[in-house]
Amino acid sequence: MLTRVRLAAVPVAALVAAAGLAACGSDAGKDADDRPRASEAPSSTAPASYLAVPEGTTLTEPGTQLGLGEEGVIAFQRRQDEVAVLEVAVQKIERTTFAASFPGWNLDAATAARTPYFVRVALTNEGDTDLGGLKLANVLWASDGATLEAPNYYTAEQLPACVGAALPTPFAAGATAELCQVYFIAPGKAFENVTFSPFGGQDAVTWSGEITKVTKPAKPAKPGKSGKKDKKDDKQ
């Protein structure tokens, strides 16, 4: 049985001299409650023991294994009596290091021993509920085969490479967004897949594929370089 872990008090902080910012740990999960509620009856429009969704919506079957770029439609309770439906495509899983992507950060030994990953996802609101401000802490987990790790969240100033932001506000039916989620995997473990656990304890929907290195943004051209080239061409 997989264990779920939220690093609610991850002791990772930017050095005061370098950034003057304190890092946030994982969101406590106020937006999405993944605990089953026995009082809710399954819908005939969704798999047995799953959640009721808008008519015409087809949920991805529990236990489905998807590749990177493939879309899955999932449903979960955002709040009591409020069901959210998202189309999710995990685009990239990127392995990085604290030295490369968290420059100037002061790490305690326990955090420094972990391996950071960035997961880039494309999302579409397929339900009737406005999901503005929703964090994916109780929705998309990183699995190492034994433990489910919740994402960590930062500000753009703290971690511009992968903020781990919430869905934009508003995020009504049909809205789309691309987000990056930050996960720390325990030492001695490997990132296996991105996991969504359906309501009712059914088999997880997962996304997996080739894990790549973080792509550094292209360096902007130096000012005046193209101008010099043009003058040279004029002389010819």
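Just so it is clear, the model here is predicted, and its values are computed rather than measured.

Q: Please provide a residue-by-residue account of the pattern of salt bridges, values included.
A: Side chains that differ in charge, positive against negative, can pair when their charged atoms come close. According to the stated counting rule, one finds three salt bridges in the structure shown. Notably, a salt bridge pairs arginine 79 with glutamate 82, separated by 3.0 Å at the nearest N-O pair. The class of glutamate 82 is partly exposed, set by a relative accessible area of 22%. Close ionic contact of arginine 120 with glutamate 94 constitutes a salt bridge, the shortest N to O distance being 2.9 Å. Within this pair, whereas arginine 120 is found in strand S7 (residues 115-125), its partner glutamate 94 is found in strand S5 (residues 82-95), the two being separated by 26 residues in sequence. Judged by relative accessible area, which is 2%, glutamate 94 ranks as buried.

Q: Mind laying out the packing of aromatic side chains, listing which residues take part and the relevant values?
A: For the structure on display, the rule yields 10 aromatic pairs. A cation over an aromatic ring shows up here: lysine 135 above the ring of tyrosine 153, its NZ or CZ 4.7 Å from the ring centre.

Q: Please set out the sheet that holds strand S1 (residues 3-5) residue by residue, giving values where relevant.
A: Read from one edge of the open sheet, six strands run S1-S9-S8-S11-S12-S3, paired in mixed fashion. At either margin of the open sheet sits one strand with a lone partner, and together these are S1 and strand S3 (65-67). Going from strand to strand, the sheet's axes swing by 30° on average, the running direction of each strand aside.

Q: So what's going on with the pairing of S7? Residues and values would help.
A: Of all 11 residues that make up S7, 10 are buried, and the element is covered over most of its length. In this sheet, strand S10 (residues 176-185) lies alongside S7 in antiparallel orientation, the contact comprising 10 bridges. Residue phenylalanine 118 lies in a different strand from S10, and its bridge partner there is valine 182.

Q: Got a sec to walk through the side chain of threonine 147? Specific residues and values, please.
A: Here threonine 147 lies in strand S9 (residues 147-149). Threonine 147 has contacts with Leu2, Thr3, Val5 and Ala142, leaving out every residue within four places of it along the chain.

Q: Before we move on, could you go through the pairing of strand S4 (residues 71-79) and cite the residues and values that matter?
A: Extensive coverage of S4 is indicated by the burial of seven of its nine residues. Pairing of S4 with S5, which is carried by eight bridges, proceeds in the antiparallel orientation. Note on S5: the bridge partner recorded for alanine 75 is valine 85. What sits between the antiparallel neighbours S4 and S5 is a turn of two residues, in which aspartate 81 has the positive phi angle 65°.

Conventions we followed
Residues numbered from 1 in each chain as written. Predicted model: local features only at pLDDT ≥ 70, side-chain atom pairs only at ≥ 80, totals over all residues. Heavy atoms only, no water. Salt bridge = Lys/Arg side-chain N within 4 Å of Asp/Glu carboxyl O. Buried < 20%, exposed > 50% of the residue type's maximum accessible area, 1.4 Å probe, protein only. Helix = DSSP H or I, 4+ residues; strand = E, 2+ residues; numbered from the N terminus. Phe/Tyr/Trp six-rings, centres within 6.5 Å; stacked < 30°, edge-to-face > 60°. Lys NZ or Arg CZ within 6 Å of the ring centre and 35° of its normal. Pairing = 2+ DSSP bridges. Axes fitted to C-alpha atoms, helices over the stretch in contact; angles between N-to-C directions. Contact = heavy atoms within 4.5 Å.

Purely geometric stuff here, so don't read any function into it on its own.
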